[in-house]
Amino acid sequence: IVARCRGRPFDLAVLQAYAPTADSTDEELEEFYDQIEEGLRYVKQRDICIVTGDWNAKIGQDNKGWEQTMGKHGLME
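Scoring rules and cut-offs
Along each chain, the written sequence defines residue order, and numbers are assigned to residues from 1. In view of the model being predicted, local features appear only for residues whose pLDDT reaches at least 70, and side-chain atom pairs are presented and counted only at 80 or more, with totals across whole chains, interfaces and linings using the full set of residues. Side-chain numbers come from the whole structure's heavy atoms, not from hydrogens or water. Salt bridges are counted wherever a side-chain nitrogen of Lys or Arg sits within 4 Å of a carboxyl oxygen of Asp or Glu. A helix here means a DSSP run of H or I that spans at least four residues, while a strand means a run of E at least two residues long, and both kinds are numbered starting from the N terminus. A simple rule labels every residue: compare its accessible area, found with a 1.4 Å probe on the protein chains alone, to the largest value its type can have, and call it buried under 20%, exposed over 50%, or partly exposed in between. Note on terminology: a nonpolar core comprises buried Ala, Val, Leu, Ile, Met, Phe, Trp, Tyr and Cys residues joined through side-chain atoms within 4.5 Å. Should any heavy atoms of two residues lie within 4.5 Å, those residues are considered in contact.

**Student:** Could you give me a rundown of the pattern of salt bridges, with the residues and numbers involved?
**Tutor:** What the rule picks out here adds up to 3 salt bridges. A salt bridge links Arg4 to Asp47, with the shortest nitrogen-to-oxygen separation between them at 2.8 Å. One end of the pair, Arg4, is in strand 1 (residues 2–5); the other, Asp47, is in the loop between helix 1 (26–40) and strand 3 (48–54), and 43 residues separate them in sequence. Judged by relative accessible area, which is 36%, Arg4 ranks as partly exposed. We classify Asp47 as buried; its relative accessible area is 11%. In this structure, Arg41 engages Glu38 in a salt bridge whose closest nitrogen and oxygen atoms are separated by 2.4 Å. Within this structure, Arg4, Asp11 and Asp47 form a network of salt bridges that share partners.

**Student:** Go over the nonpolar core, please, and point to the residues and values.
**Tutor:** Listed in full, the 5 residues of the largest apolar core are Leu15, Ala17, Ala19, Phe32 and Ile36. Where this core is concerned, the elements lending two or more residues are strand 2 (12–18) and helix 1. In contact with Ile36, not counting residues within four places along its chain, are Leu15, Ala17 and Trp55.

So this is what it looks like as structure tokens:
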């Protein structure tokens with residue numbers, strides 16, 4: 001999704017994305033990056049652009065090895 005807000009001295013554009021996980025195929029990754037490029041076409045050159053989102057999410061409760069960055073509460077697998 002791309003959201004644009006008027007501001008002074010520049011407008012703000014926020015592009016929110018959810019990337020496929022590392023388990024994804026090359027085709028899925030390529031489609032994701034194509035969608036990012038498509039979203040960026042809506043951003044004007046003078047806009048301040050923030051690209052944010054979840055860049056490699058996995059859901060579940062197994063956080064072994066990731067305790068410092070991932071909580072233990074998630075959907076059951």
